[in-house]
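Residue-level structure breakdown
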Amino acid sequence: MLSKVRIHQFFYLILSFFLIFISQQNSFLNITDINSSLAILFLIIMSFGVSHGAADSIIIWKTFPKFKTKAIAFLIYVSIVFLGLILWFQSPVIGLVLLLLMSMYHFGHSDLSHLSQAPQSIKISWGIVMTLLPVIFFEKDVKSIFDALANSDINLQVFVMLKFITIAFIVNFLILLYLDKVITKKDKFFLTFEFLITIILASLLKPVYWFTFYFCFLHGLRALINIGIKSLRDLMFLAAFTLPVTFFSYFLLFEHLHINYLNIIFSVLMALTISHMLLPLMNRLLLRSPNKL
Ligand SMILES: CC1=C(/C=C/C(C)=C/C=C/C(C)=C/C=C/C=C(C)/C=C/C=C(C)/C=C/C2=C(C)CCCC2(C)C)C(C)(C)CCC1
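Residues numbered from 1 in each chain as written. Predicted model: local features only at pLDDT ≥ 70, side-chain atom pairs only at ≥ 80, totals over all residues. Heavy atoms only, no water.

Per an unreviewed UniProt entry, the protein goes by the name Probable beta-carotene 15,15'-dioxygenase and belongs to Candidatus Methylopumilus universalis. UniProt, in its Sequence similarities (unreviewed entry) section for the protein, records the words "Belongs to the Brp/Blh beta-carotene diooxygenase family." The UniProt entry for the protein carries the following text under Function (unreviewed entry): "Catalyzes the cleavage of beta-carotene at its central double bond (15,15') to yield two molecules of all-trans-retinal." (UniProt positions renumbered as here; feature names shortened; annotations may be inferred.)

Here the focus is unusual backbone geometry. For asparagine 151, which is not a glycine, the phi torsion comes out positive at approximately 55 degrees. With respect to the helices and strands, asparagine 151 occurs in the loop between helix H8 (139–150) and helix H9 (156–179). The phi torsion at histidine 258 lies on the positive side, around 55 degrees, for a residue other than glycine. Inspection of the secondary structure assignment puts histidine 258 in the loop between helix H12 (232–256) and helix H13 (261–288). (Helix = DSSP H or I, 4+ residues; strand = E, 2+ residues; numbered from the N terminus.)

On to helix H11 (residues 207–227), then. The terminal C-alpha atoms of H11 lie 28 Å apart, and with 21 residues this matches the ideal 30 Å at 1.5 Å per residue to within 8%. Residue phenylalanine 215 marks the point of greatest curvature in H11, where the axis turns by about 35 degrees. Backbone geometry just downstream of H11 places glycine 228 in the positive-phi region, at approximately 85 degrees. (Expected span 1.5 Å × (residues − 1). Bend = angle between axes of the 7 residues up to and from the residue.)

This paragraph deals with a nonpolar patch on the surface. Residues Phe164, Ile167, Val171, Ile175, Tyr178 and Leu179 make up a contiguous nonpolar surface patch of about 650 Å² in total accessible area. Note on placement: isoleucine 167 falls in helix H9. (Patch = residues over 30% accessible without salt bridge, like charges linked within 9 Å, V, L, I, M, F, W, Y side chains within 5 Å. Areas by Shrake-Rupley, 256 points an atom, 1.4 Å probe, with all protein chains shown as cover. Salt bridge = Lys/Arg side-chain N within 4 Å of Asp/Glu carboxyl O.)

This part covers the site of the ligand. Residues in close proximity to the ligand total 26 residues, the closest being Gly53, Ser103, Thr131, Phe211 and Thr273. Taking 960 Å² as the accessible area of the ligand by itself, protein coverage stands at 97%. Going through the elements one at a time, helix H3 (56–63), helix H4 (67–90), helix H5 (92–111), H8, H11, H12 and H13 are the ones with two or more residues in the shell around the ligand. For the shell around the ligand, a count of residues per class yields 19 nonpolar, six polar and one charged. (Near = heavy atom within 4 Å. Nonpolar A, V, L, I, M, F, W, Y, C, P; charged D, E, K, R; others polar.)

With 82 residues, the main nonpolar core has Trp126, Trp210 and Phe266 as its most contacted residues. Ranked by residue count, the leading element in this core is H13, at 14 residues. In this structure, phenylalanine 266 is in contact with Trp88, Leu99, Leu149 and Phe211, ignoring residues within four places of it in sequence. Residues Ala54, Ala55, Ile58 and Leu238 belong to the second largest nonpolar core, which totals six residues. (Core = buried A, V, L, I, M, F, W, Y, C linked by side-chain atoms within 4.5 Å. Buried < 20%, exposed > 50% of the residue type's maximum accessible area, 1.4 Å probe, protein only. Contact = heavy atoms within 4.5 Å.)

What follows covers the pattern of salt bridges. Using the criterion set out here, one finds seven salt bridges in the structure. A salt bridge links arginine 6 to aspartate 187; the nearest nitrogen and oxygen atoms lie 2.9 Å apart. Residue arginine 6 is located in helix H1 (residues 4–25), and its partner aspartate 187 is located in helix H10 (residues 185–204); the two are separated by 181 residues in the primary sequence. For the pair shown, arginine 6 and aspartate 187 are each scored as buried. Residues joined by salt bridges that share partners form a network here, namely Lys143, Asp147 and Asp153.

Another point: the UniProt feature "transmembrane region" (unreviewed entry) in the protein. Those places that UniProt annotates as "transmembrane region" (unreviewed entry) correspond, in this numbering, to residues 6–22, 34–54, 74–101, 122–138, 158–177, 235–253 and 259–279. Each end of residues 6–22 is marked by a C-alpha atom, and these two atoms are 24 Å apart; helix forms 100% of the span and strand 0%. Taken end to end, residues 122–138 has its terminal C-alpha atoms 25 Å apart, with 88% of it in helix and 0% in strand.

The next point concerns the packing of aromatic side chains. On inspection of all chains with the given rule, the structure shows 25 aromatic pairs. Taking the centre distance of 5.5 Å and the plane angle of 25 degrees together, the rings of tyrosine 12 and phenylalanine 213 count as stacked. With a gap of 201 residues between them, tyrosine 12 in helix H1 and phenylalanine 213 in helix H11 connect regions that are remote in the sequence. In this pair, the class of tyrosine 12 matches that of phenylalanine 213, namely buried. Consider the rings of phenylalanine 48 and phenylalanine 217, whose centres lie 5.6 Å apart with planes at 45 degrees: the pair is tilted. Of this pair, phenylalanine 48 sits in helix H2 (residues 35–49) while phenylalanine 217 is found in helix H11, placing the two residues 169 residues apart along the sequence. The class of phenylalanine 48 is partly exposed, set by a relative accessible area of 35%. Judged by relative accessible area, phenylalanine 217 falls into the partly exposed class, the value being 25%. We note lysine 70 situated over the ring of tryptophan 61; from NZ or CZ to the ring centre the distance is 4.4 Å. (Phe/Tyr/Trp six-rings, centres within 6.5 Å; stacked < 30°, edge-to-face > 60°. Lys NZ or Arg CZ within 6 Å of the ring centre and 35° of its normal.)

So this is what it looks like as structure tokens:
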């Protein structure tokens, strides 16, 4: 029987072919001024995209038997998110660099977590490529997005360098995967296919479109499969912990504080990623706490 990850790989590949096909037919995905469609991308990322991280609530709920410990864990999680947001708005450059560094580790480990035996070098190479991919094809667009996010004029040479780093890691990933003795031939085949089609998509779609597609349909869905959403109760947890993020981003950050969509998307993702990545450590520390919370 096909595993859930394999079914997801088929689904992702079919969806990608479909997207490649319509991006050739229709110019709507190639429009230079993304501002007109940014509201829709904002909504997709801040609802569907963010929902995989809301599964952290299920992990917290199942890890701790006592209500008091669950409450403390949620409180620490939310506090870290707010500290992350403060960091971003105090120093967007540090925030952006932190987001990119965390993504390099997080994307590799999460997207390839079904290949538990795969070497770290393969996972990190995947993570680096998924973090920086659009820079190869849309160097100037990525520069203008990064400039807008970091509120500065970053030297174009930085992007030329990032472009070469990304190309080097694409080659590195393919060589390491080819030489690897642990991953089965079938897994290698599907992974290569998935990797190459994601690169083709990045060459066709503008950076934020590509990111939305990868983030929601590869990274997000794969993470949900790995966590294993088993019941209606799990789904309700996902909705209950996704909606506050969507509402907070829209009503407070956009409507009230007038922050633009692009800044909200990446600042909120960066802040959530810190808690999301620190969750295993936080759980271990709380479980080991001498006060038996
Ligand atoms: C549980 C809980 C909760 C929830 C949570 C959540 C919901 C989470 C999520 C999480 C998540 C959801 C995460 C995410 C992550 C993401 C990432 C990591 C991203 C990255 C990105 C990037 C890397 C990008 C890049 C770029 C740019 C920036 C521009 C353009 C171009 C490009 C694409 C290159 C709350 C708070 C309510 C409460 C408490 C508890």
